[in-house]
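Tertiary structure, described
Single-letter residue listing:
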Amino acid sequence: MKSLVVYSTLTGNTKMVAEAVAEVMPNADIFAIEDAPNTEDYDLVAVGYWVDRGRPDTKTCKWLEKLQNSKVILFGTLGAYPDSDHAKESMANGEALVKDRGNTVLGSWLCQGKVDPKLLQAMAKMPNAGGHPMTEERKARIEEAKKHPNEQDLENVKQFIRSMLTKVIDIQTEV
């Protein structure tokens, strides 16, 4: 089995997670999304993104919309808590971009990651912070996000990938 790990990163969070993913994927090649090769030579494709307005970032969206006939694992980072409704919606939005064109989505995983300081500065200048006022709760979440991804997150994504690999083996056994 040959694997491809592709990622888009803004702050370095998703690259860090992608490197952990590549450690446990079989025969993995890893590329930034801008340099990603054609996927037809790969049995499994893992795609990492940072969440932007409830969906994968623009570069990843464009790349995913071209993906065909692949077994896909999605992973990413976001400023929100990974068990929040926002995170669940973001994963569903990512999966929706992939589910057509003969692709099989094996699963999605997100962890918290620091928010780009430039984004925070831009939002601070917007009236009502672009619909996200700077409440005490939000400040606490942003502070917590600065601590991620951490070693536990990287171990968690490795466990997630291992569980997705068992799905690939099950799919191949069924065929």
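Refer to the structure above for everything that follows.
Described below are features of the structure shown in this document. Remember, predicted model here, so these are calculated numbers, not experimental data. For every chain, the first residue of its written sequence is number 1, and the numbers climb from 1 along that sequence. Only residues with pLDDT of at least 70 are given local features in this predicted model, and only at 80 or more are side-chain atom pairs given and counted; all residues enter the totals for whole chains, interfaces and linings. Note that the side-chain values use all heavy atoms of the structure and ignore hydrogens as well as water.

**Things to note about the environment of S3**
To qualify as a helix, a DSSP run of H or I must reach at least 4 residues; to qualify as a strand, a run of E must reach at least 2; elements of each kind are numbered from the N terminus. Relative to the assigned elements, S3 resides in strand β1 (residues 3-7). Remark: the alpha-carbon pair of S3 and T39, spanning 36 residues in sequence, is separated by 9.2 Å.

**Examining helix α5 (residues 136-145)**
Helical geometry: 3.6 residues make up each α-helical turn, so side chains three or four residues apart lie on a common side. Buried means the residue's accessible area, taken with a 1.4 Å probe over protein chains only, is under 20% of the maximum for its type, while exposed means over 50%, and partly exposed covers the values in between. Buried within α5 we find R138, R141, I142 and A145. In a view along the axis of α5, the buried residues occupy a sector of 100 degrees, so they form one face of it. The arc in question is traced by the directions running from the helix axis to the C-beta atoms.

**Description of the side chain of S8**
For S8, the location among the structural elements is in the loop between β1 and α1 (13-24). Relative accessible area serves as the criterion here: at 3%, S8 is assigned to the buried category. For S8, the side chain forms a polar contact with the side chain of D57, separated by 2.9 Å. Excluding anything up to four places from it in sequence, S8 contacts T14, I33, G48, Y49, W50, D57, K59 and T60. Polar contact is defined as a pair of N or O atoms within 3.5 Å, subject to the rule that within protein one atom must be able to donate a hydrogen and the other to accept it, and that residues adjacent in sequence are counted only when both atoms are side-chain atoms. Here a residue-residue contact requires only that any non-hydrogen atoms of the pair lie within 4.5 Å.

**Here's the deal with unusual backbone geometry**
That bond from H148 to P149 is cis: its omega, -5 degrees, falls within 30 degrees of zero. Its place among the elements puts P149 in the loop between α5 and α6 (151-174). One non-glycine residue, N69, adopts positive backbone phi at about 50 degrees. On the secondary structure map, N69 appears in the loop between α2 (58-64) and β5 (71-78). Overall, the relative accessible area of 61% leaves N69 in the exposed class. If you check the backbone angles, R101 has positive phi at about 65 degrees while not being a glycine. Structurally, the position occupied by R101 is in the loop between α3 (85-98) and β6 (104-112). A residue is classified by how much of its surface remains accessible, and R101, at 30% relative accessible area, is partly exposed.

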